[in-house]
Amino acid sequence: MKNIRFYEAEKYNSDDYEKVEDMIYKTTDKKTYGESLALKGCSDAQLVSKLLKSEDWAQGTSNLLKKYLILTYDGKRYYRKIENVGTDNDIVWEDQHDPEEQSIIYVTSIIFEPEPELEENEPSDPYVSQYPLDDILDKFFVYCNDMYEKENESDKNHSYVEFASEKIEEIRDLLSIIGKHVYNKLEGEYVYLKIE
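Every value quoted in this text rests on a predicted model; they were computed, and no experiment measured them. (Residues numbered from 1 in each chain as written. Predicted model: local features only at pLDDT ≥ 70, side-chain atom pairs only at ≥ 80, totals over all residues. Heavy atoms only, no water.)

What should I look at first to understand the environment of Ser154 in this one?
Among the structural elements, Ser154 can be located in helix α3 (residues 149-154). The exposure class assigned to Ser154 is exposed, which follows from its relative accessible area of 56%. (Helix = DSSP H or I, 4+ residues; strand = E, 2+ residues; numbered from the N terminus. Buried < 20%, exposed > 50% of the residue type's maximum accessible area, 1.4 Å probe, protein only.)

Help me understand helix α1 (residues 45-53) in this model?
Count 3.6 residues to each turn of an α-helix, and residues three or four apart come out pointing the same way. Every buried residue of α1 is accounted for by Leu47, Val48 and Leu51. Take α1 and look down its axis: the buried residues cluster within an arc of 100°, on one side only. In this structure, α1 carries Ala45, Gln46 and Lys53 as exposed residues pointing more than 90 degrees from its buried face. Each element contacted by the buried residues of α1 is listed here: β6 (68-73) and β7 (76-81). Capping of α1 at its N-terminal end is provided by Asp44; its side-chain oxygen lies 3.1 Å from the backbone amide nitrogen of Gln46. (Arc of directions from axis to C-beta. Contact = heavy atoms within 4.5 Å. Polar contact = N/O pair within 3.5 Å; in protein donor to acceptor, adjacent residues only side chain to side chain.)

Sorry, what's going on with the side chain of Ser165 here?
With respect to the element layout, Ser165 can be found in strand β11 (residues 159-165). In this structure the side chain of Ser165 is engaged in a polar contact, spanning 2.4 Å, whose partner is the side chain of Glu170.

The following block contains the structure:
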C-alpha cells in the first residue's frame, strides 16, 4: 500500500454519520442490528396464540427479510417464515436484538495504491488483497466496516477500505498510516508488517 490518503466517502455527509475529529466519524454499528437476525422461538404459548391471530403481520421488504412475516407487538419484533404459515412448522420467532443497545462505532476510510509486486492485488482488481490488510487490522485492533465494492470495481488505479472500532483511540492510531508506505516483508522465517 502506497500513497495512503484519507477517503471522504459520500456517505459521511448523511445524517447517519457525525464528524467527531478530522478524518474520524461516529455512527451506529448497523451490523449489530438491522442487517442480521438473532431469533429464538417464542416460548410463551399464550402470547404465541395471540400473535398468530393478529392481522398486522407484514412481509419483510429487504433481501434478508423477504421470506418472513414481521409483527411488532408490545415493543418487540416477531417473525414467521412465510413458507411455514399454516403448517405444523409455523413458529413465532422473537427478535433478540435490542435497538436501544446499538453500538456506537468510529470509522475512517482510506484510498491507496496497491502494490502487486509485493503480492497485493492489481490496482484494477475489484477487491482488496488480504495482506497487508489483515496485519493492519491486527496491529491497530480495528476491523473492516466497508470494502467499497462500487469504488473498488470502478477505480482501476486505487483501492478503498473503511476501518471501524468501538474505541476512537484505535482509529486515531490507525490514521498514523496516512502518507506512509505499508507492506509485508519476509525476514527469515517470519513476515513482518512494515510502516515507513
